[in-house]
Amino acid sequence: NLKKSLGQNFLIDNNILDKIVETANLTENDTVIEIGPGIGSLTQKMAKVANKVIAVELDNRLIPVLNEIFEGYNNVEIVHGDALEVDFSQLVEGSFKIVANLPYYITTPIIMRLLEEGFNVEEIVVMVQKEVGERMVASPGGKDYGILSIGVQYHTKAEISFIVPPSVFIPQPKVESAVINLKVDKEAAVDLIDEDFFFKIVKSAFHQRRKTIRNSLTKAPYINLSRDQVDQALEEVGIDSRRRAEKLSIEQFAKLSNVLFGLYRSKE
Ligand code: SAM
């Protein structure tokens, strides 16, 4: 009796489970938080190699099942809660890794929450929809590159570790999956004067991604910039105003937003 609404696709392939654990490089020094243990297949594998596994599961029907499976373990803690709301820093002292076969309906909010809310997370190894994984790791230039790529790569070194076919799950999802590895960078990838402003610029730039960078920034819904300000900033950082957002690197967005921030503030 699976709950589709909770993204319940259980992994039934031993090799894939092993590969996820290998990718996370777990040692006896690691504390792992698992999001959505389901019936505990991945949890059991990780408990063998990690110091501690804390598994956060939302479905109340699975809690007694999990408690029973892990009764004899002294390094597994089952937490009944919502991964979008639990305070991870209350669950662990010190740093931790996240390893999970994520519920796909909330992949992006979970990952962005982990990265943006200042939790002490070192590394995130998670199964996601392949297409979402591709957007997270995309470089400038292609259709996959956008707000999600920049949001993830601003905080981490991101790569796809391996691709997973639908056949290893019950029930089978409609799409392929990917295990991604995000190594959190404590130092930001780029120097920003104002982080909020940077992300407003990025969002505006991709709001209508077929437009030139000049057009999308002057008609940006998130921020009120004049054509002069935009032209001046683009010239100052040496970006052709006819380029599209998808061609700009994170470094270029950083420079652009730093200059625009100055112009924007001085007119206020
Ligand atoms: N780890 C198991 C496996 O690999 O077989 C199950 C993975 S399944 C894709 C996702 C799991 O996340 C389900 O057990 C589901 O109940 C749980 N879940 C869904 N939404 C959640 C949430 N907001 N917080 C915590 N767990 C959630």
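The rules behind each value
Residues numbered from 1 in each chain as written. Predicted model: local features only at pLDDT ≥ 70, side-chain atom pairs only at ≥ 80, totals over all residues. Heavy atoms only, no water. pLDDT = per-residue confidence, 0-100. Axes fitted to C-alpha atoms, helices over the stretch in contact; angles between N-to-C directions. Helix = DSSP H or I, 4+ residues; strand = E, 2+ residues; numbered from the N terminus. Parallel < 35°, antiparallel > 145°, perpendicular 65-115°, else oblique. Contact = heavy atoms within 4.5 Å. Nonpolar A, V, L, I, M, F, W, Y, C, P; charged D, E, K, R; others polar. Pairing = 2+ DSSP bridges. Near = heavy atom within 4 Å. Polar contact = N/O pair within 3.5 Å; in protein donor to acceptor, adjacent residues only side chain to side chain. Salt bridge = Lys/Arg side-chain N within 4 Å of Asp/Glu carboxyl O. Buried < 20%, exposed > 50% of the residue type's maximum accessible area, 1.4 Å probe, protein only. Arc of directions from axis to C-beta. Core = buried A, V, L, I, M, F, W, Y, C linked by side-chain atoms within 4.5 Å.

Chemist: Where do I start with the confidence of the model for the protein chain in this structure?
Modeler: Predicted coordinates in areas of low pLDDT are best not read in detail. When pLDDT is averaged along the protein chain, the result is 95; 99% of the residues meet or exceed 70. With a pTM of 0.95, the predicted complex shows an ipTM of 0.99.

Chemist: Just to check I follow, could you spell out the packing of helix α7 (residues 147-155) against helix α8 (residues 195-207) for this structure?
Modeler: Helices that pack against each other are described as a pair by the angle of their axes relative to one another and the distance between those axes. Here α7 crosses α8 at 155 degrees, and the two axes come no closer than 10 Å. The orientation of α7 relative to α8 falls into the category roughly antiparallel. When α7 is examined against α8, the residues I147, I150, G151 and Y154 are found in contact with a partner set consisting of E195, F198, F199, V202, K203 and F206. Grouping the constituent residues of the contact of α7 with α8 by class yields 7 nonpolar, 1 polar and 2 charged.

Chemist: Can you help me understand the sheet that holds strand β9 (residues 177-184) in this one?
Modeler: Strand order in the open sheet formed by 7 strands is β4-β3-β2-β5-β6-β9-β7, and the pairing between neighbours is mixed. With partners counted over all chains shown, the strands left at the sheet margins are β4 (76-80) and β7 (156-164), one partner each. In this sheet, neighbouring strand axes are inclined to one another by 20 degrees on average, regardless of whether the strands run parallel or antiparallel. Sheet topology note: the strand β3 (residues 52-57)/β4 ladder contains 5 bridges and is parallel. Paired with E57 across the two strands is H80, which belongs to β4.

Chemist: Even after reading the chapter, I still don't get the site of the ligand, so can you show me in this structure?
Modeler: Looking at the ligand, there are 23 residues lining it, with Q8, L11, E57, D82 and N101 nearest. One of the side-chain N or O atoms of Q8 is found 2.7 Å from an oxygen atom in the ligand. At a separation of 2.9 Å, a nitrogen atom of the ligand approaches a polar backbone atom of G36.

Chemist: Can you walk me through the pattern of salt bridges in this structure?
Modeler: Should their charged atoms come close, side chains of opposite charge can pair. In the structure shown here, the tally under the stated rule is 15 salt bridges. A salt bridge links E77 to K52; the nearest nitrogen and oxygen atoms lie 2.9 Å apart. Placement of the pair is E77 in strand β4 and K52 in strand β3, with a sequence separation of 25 residues. As a salt-bridge pair, E123 and K97 come within 4.0 Å of each other at their nearest N and O atoms. Residue E123 is located in strand β6 (residues 121-129), and its partner K97 is located in strand β5 (residues 96-101); the two are separated by 26 residues in the primary sequence. You can call E123 buried: its relative accessible area is 8%. By sharing partners, the salt bridges in this structure join D30, K97 and E123 into a single network.

Chemist: Please explain helix α3 (residues 62-69) as it appears in this structure.
Modeler: Think of an α-helix as 3.6 residues a turn; residues three or four steps apart then line up on the same face. All buried positions along α3 are accounted for by L62, I63 and L66. The buried residues of α3 all sit within an arc of 100 degrees when viewed along its axis, so they share a single face. Residues of α3 that are exposed and point over 90 degrees away from its buried face: P64 and E68. Buried residues in α3 make contact with β3 and β4.

Chemist: Even after reading the chapter, I still don't get unusual backbone geometry, so can you show me in this structure?
Modeler: Leaving glycine out, the prevailing phi sign among residues is negative, and the prevailing peptide bond configuration is trans. Cis geometry is found at the peptide bond from I170 to P171, where omega equals -15 degrees. One can find P171 in the loop between β8 (169-170) and β9. Backbone geometry at N25 places phi at a positive 50 degrees, although glycine is not the residue there. Note on placement: N25 falls in the loop between α1 (14-23) and β2 (31-35).

Chemist: For this particular structure, what's the right way to read the nonpolar core?
Modeler: Note that soluble globular proteins tend to have their nonpolar side chains buried in a common cluster. Residues I150, F198, I213, L217, F253, L256 and L260 are the most contacted members of the largest nonpolar core, which totals 32 residues. Within the residue set of this core, elements represented by two or more residues are α7, α8, α9 (213-218), α10 (227-237) and α11 (250-267). At 9 residues, α11 tops the list of elements feeding residues into this core. Once residues lying within four places of it in the same chain are set aside, the contact partners of L260 are F197, I201, L217, L225, Q229, V230 and A233. One finds V79, A100, L102 and L148 within the second-largest nonpolar core, a separate group that totals 30 residues.

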